[in-house]
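Listed here are the chains, written in short residue letters.
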Amino acid sequence: MKCISVYTDNFELFSDVFEKVIAIDLQENDERELEGVTVSDSGEVPKHYLERMSVKPEVVVMRDRDKGITILQHGKVFEILIPSEADEMESEASV
């Protein structure tokens, strides 16, 4: 899964930039600023990262079912987890 970090603890601001964040083509370890918020590509994360983070009480897990995206919010960062094509094929094969 590709992980994009959005550095803010303001949900309203995150909601305002979310569509722009997933639309820009960030390269690995690329960092940009959108509407005063730092956004960076954090590379690939393994599937167990989502499982491990989602059980922590300080982590809020949100899902955009239409896009297949999972969002983790903890501290002053939102992490957008976007499944890769390999992740999608793996989940379809397990069904």
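First, a word on scope: everything that follows refers to the structure included in this document. (Residues numbered from 1 in each chain as written. Predicted model: local features only at pLDDT ≥ 70, side-chain atom pairs only at ≥ 80, totals over all residues. Heavy atoms only, no water.)

With respect to the sheet that holds strand β3 (residues 37–44)
What links the strands of a sheet is backbone hydrogen bonding, and the strands pair in either a parallel or an antiparallel sense.
Turning to step 1, where the next piece is worked out: Across the sheet, six strands lie side by side as β2-β3-β1-β6-β5-β4; this open sheet has antiparallel pairing. Edge strands, defined here as strands with exactly one partner in the open sheet, are β2 (31–34) and β4 (60–64). Neighbour to neighbour, the strand axes of the sheet diverge by 25° on average, direction disregarded.
Turning to step 2, where the next piece is worked out: Pairing between strand β1 (residues 2–7) and strand β6 (residues 77–82): five bridges, direction antiparallel. Among the inter-strand pairings, Val6 is bridged to a residue of β6, identified as Phe78.
Turning to step 3, where the next piece is worked out: Here helix α1 (residues 11–23) sits on the sheet and contacts β1, β2, β3, β4, β5 (69–74) and β6; the angle it forms with β6, its principal contact strand, is near 30°.
Turning to step 4, where the next piece is worked out: Packed on one face of the sheet, helix α2 (residues 47–54) meets β4, β5 and β6 and runs near 45° to β5. (Pairing = 2+ DSSP bridges. Helix = DSSP H or I, 4+ residues; strand = E, 2+ residues; numbered from the N terminus. Axes fitted to C-alpha atoms, helices over the stretch in contact; angles between N-to-C directions. Contact = heavy atoms within 4.5 Å.)

Some thoughts on the packing of aromatic side chains
Turning to step 1, where the next piece is worked out: Applying the stated criterion across every chain, the model contains four aromatic pairs.
Turning to step 2, where the next piece is worked out: Note on Phe11 and Phe78: the rings are 6.2 Å apart at their centroids and 45° apart in plane angle, and the pair reads as tilted. Here Phe11 is found in helix α1, whereas its partner Phe78 is found in strand β6, with 67 residues between them in sequence.
Turning to step 3, where the next piece is worked out: Every member of this aromatic cluster is reached through a ring pair, and the members are Phe11, Phe14, Phe18 and Phe78. (Phe/Tyr/Trp six-rings, centres within 6.5 Å; stacked < 30°, edge-to-face > 60°.)

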